[in-house]
Amino acid sequence: MDNAFLKIESLAKVFPSMRGGEPLTVFENIHFQLAKGEFVCIIGHSGCGKSTILNVLAGLDEASGGTVIMDSREVSGPSLDRGVVFQSHALMPWLTVMQNIVFAVKSRWPDWSRDKLKAHAQKYIDLVHLTGAEDKKPAELSGGMKQRVGIARAFAIQPKMLLMDEPFGALDALTRGVIQDELVNICAETHQTVFMITHDVDEAILLADKIVLMTNGPHAKIAEIVVNTLPRDRSRHDVHKHPHYYRIRNHLVDFLVTRSKEFASNVPAGYNPLHPPQVRPGLEPDVDSVPEGDTRVRHLHQPAMPVAA
Amino acid sequence: MTKSLWMRSSAVSLLILVVLLFFWHAATVPGPAASAPAGMSDEYAAMMGMGAATPKAGMPGPADIAVTVWEKLSDPFYDNGPNDKGIGIQLGFSLARVLAGFFLAALVAIPLGFVIGMSPVMRGALDPFIQVMKPISPLAWMPLALYTIKDSSLSAIFVIFICSLWPMLINTAHGVASVKREWLNVALTLEVTPLRKAFQVILPAAAPTILTGMRISMGIAWLVIVAAEMLVGGTGIGYFVWNEWNNLSLNNVIFAILSIGVVGMALDLMFGWVSRLVAYRE
């Protein structure tokens, strides 16, 4: 896979020991790759270091070992090539919606005229359906609207890669659903390469092409990479009707509930962290005998399982 | 709701004012003059504060002050030599000194506060100096200022400078140091230049705290100028108070006290108004 757009090689994060104890290895031997235009979600329990990985990609944190190569160049320090959507939206409260986005656009294209900056920002405000709220301050917006501004700001600088740290974690389920749908559409339009952290299994299946599963820390590793075999034009309304959906979902929930804990003491034969296995649970035959296609029955048997944060 | 609250507060304020004026008046009404004992000459009786010639009690009442206020305010800018200037001129001198000292202090304190706020090393290095200098009464600097500067007016400005410095410095450093990590991260990921980061991220984020420091400094400067001018003399509202005390003109002293209060309030209201301009809600 030499055409990989982003390559992460042997990434590790070790915190030096406090008062003579053992140094704490949060994660080690992290290898994975992203192709251009791919949407990758990373799932794992708190403390497995997924936020640290994202911050290393963003250039806001430094790894203790390993390299990150994007577009054939090593990543060191923050860059406009990598846009970040923060969980806490991180809007400047003294600026209006328009000014917040213009601030970012001006950082990207400092020579643009005022009109051009505003026109460009307006395009992205329209994209996240915030037309009419340009002159509002963040304090006057709901949580969902604030996060939309955060997304518009990240897309507006047209980064080569978008990094999202649980962007919808603080939103209620209804708002989250609406913005997820918007994000699916925007990504389909812009072919944006995205790396996103989530705790929400359904969100991962809806948005991601590949789902990276991390074992629990310390010494967290990538256990496997789940390829999402659902067709790419997914929507929240009917994604769960596809026969692959619950196979993938069961696989992910199963991993989070049991296998993420047991992985360290029970490493599967032939596991090589340099090439974490790619699995396609959507294509595997069902283990139990519920007839395929009878999604209604499966609904009843599969209550939405909340995943502990 | 808020309007009726405001009306009720105003009514109570007015009531308190009336009660205070009444007691002031009652306490200063001249009593019946002690009649001079028989055989005392009229001149001697007057000199002893007795007899028909007794003008008034020593402490002026509200009516006397009202007359003084009216006289002084109807001609605030006259200048009849060093010991007789209009209140406007005296307040003008004091304000000029306060503003000069204050803005010089701002010029030093805000950039220095930025440095201290952004660099933990500088914060640690300068902290002992600040801790020692801050509790020194600004008037204690006066002899050194007079000796080195050799100009009484400039020395007063220096005293204002030194007393305005600390609240602005400490608040600026605190405001800059507590700018939210996430805003700085946004600036980092957008590769914002250091100058733009300072002026468009850190300054607006810290502005409310900085303004609070400036407001405190201005309040202290206005307190200190009166004492400083009593020491250096010549001009200014502080000198006016002391001069009128030497003249035993309590009317003018009370009038000066009232003007000091009103001007101090106006300065504070101005800073309150500017604070509202830079405030933001999260």
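Since this is a predicted model, take the numbers as computed values, not measurements. (Residues numbered from 1 in each chain as written. Chains lettered and ligands numbered in written order. Predicted model: local features only at pLDDT ≥ 70, side-chain atom pairs only at ≥ 80, totals over all residues. Heavy atoms only, no water.)

A. View of the interface of chain A and chain B. Of the residues lining the interface, 22 residues belong to chain A; the matching set on chain B comes to 17 residues. Both faces considered, chain A and chain B share a buried interface measuring about 1800 Å² in area, 70% of it formed by carbon and sulfur atoms. The largest share of the area that chain A buries against chain B comes from A:P93, A:W94 and A:F103, three residues that together contribute 33% of it. Connecting chain A to chain B are zero salt bridges. Between the two partners, chain A and chain B, sit five residue pairs in polar contact (both at pLDDT 80 or more). Of all elements in the fold, only β6 (82-85) and α2 (97-108) of chain A reach the threshold of two or more residues within the side of chain A that touches chain B. Ranked by residues supplied to the side of chain A that touches chain B, first place goes to α2(A) with four residues. (Contact = heavy atoms within 4.5 Å. Buried area = accessible area lost by both parts, 1.4 Å probe. Salt bridge = Lys/Arg side-chain N within 4 Å of Asp/Glu carboxyl O. Polar contact = N/O pair within 3.5 Å; in protein donor to acceptor, adjacent residues only side chain to side chain. Helix = DSSP H or I, 4+ residues; strand = E, 2+ residues; numbered from the N terminus.)

B. Quick peek at the packing of helix α5 (residues 120-133) of chain B against helix α7 (residues 152-177) of chain B. Residues and elements named next belong to chain B. Running from N to C, α5 and α7 cross one another at 150°; their axes reach a closest spacing of 11 Å. Between α5 and α7, the angle is such that the two are roughly antiparallel. When you trace α5 past α7, the crossing you get is left-handed. Taking contact as the criterion, the partners of R123, I130 and M133 in α5 are, on α7, W166, L169, I170, A173, H174 and A177. Partitioned by chemical class, the residues of the contact of α5 with α7 number seven nonpolar, one polar and one charged. (Axes fitted to C-alpha atoms, helices over the stretch in contact; angles between N-to-C directions. Parallel < 35°, antiparallel > 145°, perpendicular 65-115°, else oblique. Left-handed = near helix turned anticlockwise from the far one by under 90°. Nonpolar A, V, L, I, M, F, W, Y, C, P; charged D, E, K, R; others polar.)

C. The arrangement of the pairing of strand β4 (residues 65-70) of chain A in detail. Residues and elements named next belong to chain A. Direction of pairing for strand β1 (residues 6-15) relative to β4: antiparallel, over a ladder of five bridges. The residue bridging I8 from the neighbouring strand is V68, located in β4. Bridge count between β4 and strand β5 (residues 73-74): two bridges; the pairing is antiparallel. When the bridges of β5 are listed, M70 appears paired with R73. The antiparallel hairpin formed by β4 and β5 contains two residues in its connecting segment, where D71 sits at a positive phi of about 50°. (Pairing = 2+ DSSP bridges.)

Scope: geometric values only; no functional claims are made or implied.
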